[in-house]
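A closer look at the structure
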Amino acid sequence: MTDGTEDKPDGAVAADPGGNPWSALRRHTAARIALGRSGDGLPTRHLLDFQLAHARARDAVHLAFEPEAIAAALPGHVCVTVRSRARDRAAYLQYPDLGRKLDPEDLPLLRRGEHDVVFVLADGLSARAVHDHAAALLTATLGLLPDWRVAPVVLARQARVALGDDIAMTLGAAAVVMLIGERPGLSAADSLGAYLTFRPRPNLQNADRNCVSNIRPDGLAIPLAARKLAFLLTEARRLKLSGVGLKDDFPAELLEPAAVALEATRRD
Amino acid sequence: MGPAMAYHQDIGGTRHRFADLKDLLAKASPARSGDHLAGVAAESAEQRVAARLALADLPLATFLTEAVVPYESDDVTRLIIDTHDAAAFRRIAPLTVGGFRDWLLSDEADTETLRALAPGVTPEMAAAVSKLMRNQDLIAVARKIRVVTAFRTTIGLPGRLAIRVQPNHPYDDAKGIAASMLDGMLYGCGDAVVGINPASDNIPTTMRLLDMLDEFRVRHDIPMQSCILAHVTNTLEAIRRGAPVDLAFQSIAGTQAANESFGITLDLLAEAHAATLALKRGTVGDNVMYFETGQGSALSADAHHGVDQQTVECRAYAVARPFKPLLVNTVVGFIGPEYLYDGKQILRAGLEDHFCGKLLGLPMGVDVCHTNHAEADQDDMDNLLTLLGVAGVNFVMGVPGADDIMLNYQSTSYHDALYVRSVLGLRPAPEFEEWLIRMSILDGAGRVRPALAGSGASALLGHAEAARHD
């Protein structure tokens, strides 16, 4: 017995060095540690575990957006589907600006009105996140905002966060909440981000928005995310602003520490 | 600085025109998404080669009189021009860019000659010649260059490859970080640095993590250096409050405006360098800075001045150069597919950055990495890692299972380090290698085969339990 992962005579390796002091380290972190070795390489089981996680993340990035399915999960809501100027996934990934502007052909679909808020459900970098969680999050959030005049739900394809500004300005909405698929990681490919912008206008920066990220069953659970979002919306309307000036005083103990996903807030 | 010149190249009756030097450089650059995004890339494959033909005939001395970013408005340009070593340049002064490539490949350009040349090369010269070089040229010339630096270990020696242990944790949990760090040490990694990207970039976190790493180092008598990759202003404050800072870290870029977007100036870097140096914590050397760079960072800050992303990246190395860093790390695939679209572009960029940095005299390492929305996978990472090993890279990253659970991207793993050291016969830094033998982590044949019972390695394993939450 050395490290519990030494090569067996036939070259095979114990995939799980259960019980040895090295594998005991695993209880301290979700990182991929104490994986053992096959010679100097990764044991087959762990090689394929990684490939599965990466495959899921890749599939989530390239999964086709299905607005019909989301609309079907929102009975009683009027839904409008729009596109950004990014024609396909390759253009979307290479030219972020295209994903921030509405396709001019879709402008007539958005009717101006008296709206306190518009919710945009967008594919972003993970259509899977939107398919799996956006309708439930929207329903839970709206349940906490009974007196709000809510615009028709907009379902947006090949969208970046700032597309919501274009949509809200066209609709004349005072605020926009973008529920958008976050860049998939290996541990989660279904993470939804919610970006709140009050008084949307052109050329806003990340500092002008509030973000709730890592929304998924194993991250920030949907009921909590809905409460946090309703809190932020109410505060934004009261203070007439969003972004760094709107302090997120939502009780921190209700949120799990793992719900901090810094990258998602920075990179879109 | 002279007036901007226009350039042209005639091919079969077609005249290809290039507005100025930066346009010529951009059009000559191998295709990548970031240059398309910036609108500076060649519009056809023929135009790209036409630009290279024109660039090949350009005298190197042109770069001393024509700036790609104005001297008057950019302190990086001023640094490049004002610190240029004319005596070192003399050897290549008569050459064109094409002639420079031929000379770099020649027997005359040996290790000692290239070492002496480095202060005479400007970033734009390095970028220009790299655009005329195939991947094999980038490897062959980089392999001849040695940049050796030291703090508690010596990095960059022939036949050696150092590894940064990167034990990040989503909320900086001490036990979680310790577990990932110990895992890396048991795979023989950590001789470049144990470097943590903190999830929370504040001073108390930085100080807590620095104390933890220093206690660990002292208790197990490890020849290693640690670094918390916080903003340099936080590191400076931690030094003022008495924290055990080995290395000061900062992300840097190739224009004044991009550096301002990072919240830094050249003076601030000089202040951090002086403050860290004054702690005198090194044992075998006094290189105390750790810089990170990456193609696309200037464009993402809208601070690229119409210069192609590879040339701007080289200018970041000029920012690093005066501070004699221990480590310079180009984080090549982190930025995403809008800058480097796929495995081919990431591979090319990694080899370019490594070559150009080394040519400029910097201790280059590469974070061989990708994000999930790039067209790249572990096979692409294997290719780049292997090529960089052949090219003589000073260090690469070691991330548990290649999966950084804090930064959400894929880098190279501790296992990848074992692989590349093994297939290329590369060994750890000498001081660290000696420690690994003492701890029974390396066996008699120099392989990583840790003995866990009744040895130094077993004492290490107990450390995660001892790590405190505070």
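Just so we're clear, the structure is a prediction, and the values are computed from it rather than from any experiment. (Residues numbered from 1 in each chain as written. Chains lettered and ligands numbered in written order. Predicted model: local features only at pLDDT ≥ 70, side-chain atom pairs only at ≥ 80, totals over all residues. Heavy atoms only, no water.)

Moving on, we get to the overall build of chain B. Broken down by element type, chain B carries 23 helices and 14 strands. By the compact-globule yardstick of 23 Å for 470 residues, chain B fits well, its C-alpha radius of gyration being 22 Å. Projected onto its principal axes, the C-alpha positions of chain B cover 75 × 45 × 45 Å. Burial analysis of chain B (470 residues in total) assigns 66% to the buried set. Partitioning the intrachain contacts of chain B with sequence separation of at least 6 by distance along the chain shows that 76% fall at a separation of at least 24. As presented, chain B carries roughly 15,100 Å² of accessible surface, and 52% of it is formed by carbon and sulfur atoms. Each charge class in chain B can be summarised by its mean position, and for the 40 positive and 58 negative side chains these summaries are 5 Å apart. (Helix = DSSP H or I, 4+ residues; strand = E, 2+ residues; numbered from the N terminus. Rg over C-alpha atoms; globule rule 2.2 N^0.38 Å. Buried < 20%, exposed > 50% of the residue type's maximum accessible area, 1.4 Å probe, protein only. Contact = heavy atoms within 4.5 Å. Areas by Shrake-Rupley, 256 points an atom, 1.4 Å probe, with all protein chains shown as cover. Lys, Arg positive; Asp, Glu negative; His and termini not counted. Charge placed at Lys NZ, Arg CZ, Asp CG, Glu CD.)

It is worth spelling out the UniProt feature "binding site: adenosylcob(III)alamin" (unreviewed entry) in chain A at this point. All names here are of chain A. With numbering aligned to this structure, UniProt lists the feature "binding site: adenosylcob(III)alamin" (unreviewed entry) at Val161, Glu182 and Cys211. Over a stretch of 51 residues, the named residues converge on one spot in the fold, their C-alpha atoms separated by at most 11.5 Å. In this structure, valine 161 sits in the loop between strand S3 (153-157) and helix H5 (163-171). For glutamate 182, the location among the structural elements is in the loop between strand S4 (175-181) and strand S5 (192-198). (UniProt positions renumbered as here; feature names shortened; annotations may be inferred.)

A separate point is the sheet that holds S5(A). Residues and elements named next belong to chain A. The mixed open sheet is built from six strands, whose spatial order is S1-S3-S2-S4-S5-S6. What marks the edges here is a single partner per strand, and that holds for strand S1 (79-83) and strand S6 (210-215). Averaged over all neighbouring strand pairs, the angle between strand axes comes to 20 degrees, with direction disregarded. Here strand S2 (residues 118-122) pairs with S4 via five bridges, running parallel. (Pairing = 2+ DSSP bridges. Axes fitted to C-alpha atoms, helices over the stretch in contact; angles between N-to-C directions.)

Residue and element names in this part refer to chain B. For helix H3 (residues 45-56), with twelve residues, the first-to-last C-alpha span of 17 Å sits near the 16 Å given by 1.5 Å per residue. Residues of H3 that are buried include every one of Gln47, Arg48, Ala50, Ala51, Ala54, Leu55 and Ala56, and no others. Buried residues along H3 sit in contact with strand S1 (7-11), strand S2 (14-18), helix H1 (21-28), helix H4 (62-65), helix H7 (97-105) and helix H9 (123-131). (Expected span 1.5 Å × (residues − 1).)

With that out of the way, let us pick up the interface of chain B and chain A. Across the boundary between the two partners, chain B contributes 50 residues, which contact 41 residues of chain A. Buried surface at the junction of chain B and chain A, summed over both partners, amounts to about 4,100 Å²; 59% is from carbon and sulfur atoms. Of all residues in chain B, B:Asn372, B:His373 and B:His415 bury the most surface against chain A, accounting for 16% of the area lost on that side. Across the chain B-chain A interface, the total number found is three salt bridges. B:Asp403 serves as the salt-bridge partner of A:Arg32, at 2.7 Å between the closest nitrogen and oxygen. Here chain B and chain A share 14 residue pairs in polar contact (both at pLDDT 80 or more) between them. The set of elements that each furnish at least two residues to the side of chain B that touches chain A consists of helix H2 (33-37), helix H11 (174-186), helix H20 (414-424) and helix H23 (463-466) of chain B. Sort the elements by how many residues they give to the side of chain B that touches chain A and H11(B) lands first, with seven residues. Split into classes, the residues belonging to the side of chain B that touches chain A amount to 25 nonpolar, 16 polar and nine charged. (Buried area = accessible area lost by both parts, 1.4 Å probe. Salt bridge = Lys/Arg side-chain N within 4 Å of Asp/Glu carboxyl O. Polar contact = N/O pair within 3.5 Å; in protein donor to acceptor, adjacent residues only side chain to side chain. Nonpolar A, V, L, I, M, F, W, Y, C, P; charged D, E, K, R; others polar.)

Once that is clear, we can look at helix H13 (residues 232-240) of chain B. All names here are of chain B. Buried within H13 are the following residues: Val232, Asn234, Thr235, Leu236, Ala238 and Ile239. Looking at the buried positions of H13, the neighbouring elements they touch are helix H12 (203-219), strand S7 (226-228), strand S8 (248-251) and helix H15 (266-277). Where H13 terminates, the next one or two residues include glycine 242, which has phi positive at roughly 90 degrees.

Let us now look at the environment of B:Tyr7. Residue and element names in this part refer to chain B. Mapped onto the elements, tyrosine 7 comes out in strand S1. The sequence separation of tyrosine 7 and alanine 19 amounts to twelve residues, and the corresponding C-alpha distance is 6.5 Å. Ignoring any residue separated from it by four or fewer positions in sequence, one finds tyrosine 7 in contact with His16, Arg17, Phe18, Asp20, Leu21, Leu24, Leu58, Thr62 and Glu66. Side-chain polar atoms of tyrosine 7 contact the side chain of glutamate 66, separated by 2.9 Å.

Another aspect to go through is the sheet that holds strand S10 (residues 327-331) of chain B. All names here are of chain B. Pairing is parallel across the open sheet formed by eight strands, whose spatial order is S7-S6-S5-S12-S11-S10-S9-S8. Among the strands making up the open sheet, the edge pair consists of S7 and S8. Each adjacent strand pair in this sheet contributes to an overall mean axis angle of 25 degrees, direction not counted. One ladder, built from three bridges, connects strand S6 (residues 193-196) with S7; its direction is parallel.

Right, let's get into unusual backbone geometry. If you check the backbone angles, A:Asn214 has positive phi at about 60 degrees while not being a glycine. Relative to the assigned elements, A:Asn214 resides in strand S6. For B:Lys280, which is not a glycine, the phi torsion comes out positive at approximately 50 degrees.

Let us look at the side chain of B:Glu433. Residues and elements named next belong to chain B. Examined against the element boundaries, glutamate 433 turns out to sit in helix H21 (residues 430-438). Of note is the side chain of glutamate 433, whose polar atom sits 2.8 Å from the side chain of arginine 160. What glutamate 433 contacts, discounting residues up to four positions off in sequence, is Arg160, Arg427, Pro428 and Leu442.

A full pass over the atoms with the stated rule returns 41 salt bridges over all chains. Put simply, B:Asp246 and B:Arg152 hold a salt bridge, and the shortest N to O gap is 2.8 Å. Of the two residues, B:Asp246 is situated in the loop between H13 and S8 and B:Arg152 in the loop between strand S3 (149-150) and strand S4 (154-155); the sequence distance between them amounts to 94 residues. The pair formed by B:Asp246 and B:Arg152 is uniform in burial state, with each residue classed as buried. Shared partners join several salt bridges into a network, and the residues in it are A:Arg83, A:Arg87, A:Asp103, A:Glu105 and A:Asp106.

Attention now moves to the environment of B:Ala238. All names here are of chain B. Note on placement: alanine 238 falls in helix H13. For alanine 238, a relative accessible area of 0% corresponds to the buried category. In this structure the C-alpha to C-alpha distance between alanine 238 and glycine 306, which are 68 residues apart in sequence, comes to 38 Å.

The next thing to look at is the confidence of the model for chain A. All names here are of chain A. With 85% of its residues at a pLDDT of at least 70, chain A reaches an overall mean of 87. When the criterion is pLDDT under 50, residues 1-18 qualifies, and its contacts beyond four places in sequence or with other chains add up to 36 contacts. Note on residues 255-268: pLDDT is under 50 here. Beyond four places in sequence and across chains, it has 31 contacts. (pLDDT = per-residue confidence, 0-100.)

As a further point, take the pairing of S3(A). Residue and element names in this part refer to chain A. For S3, the buried fraction is high: four of the five residues fall into the buried class. In terms of strand pairing, S1 meets S3 through five bridges, oriented parallel. The partner of threonine 81 across the bridge, within S3, is leucine 155. The pairing of S2 with S3 spans three bridges and is parallel. The partner of leucine 121 across the bridge, within S3, is leucine 155. Of the crossover connections in this fold, the one passing from S2 over helix H4 (residues 127-142) to the parallel S3 is right-handed. (Right-handed = clockwise from strand over helix to strand, strands pointing away.)

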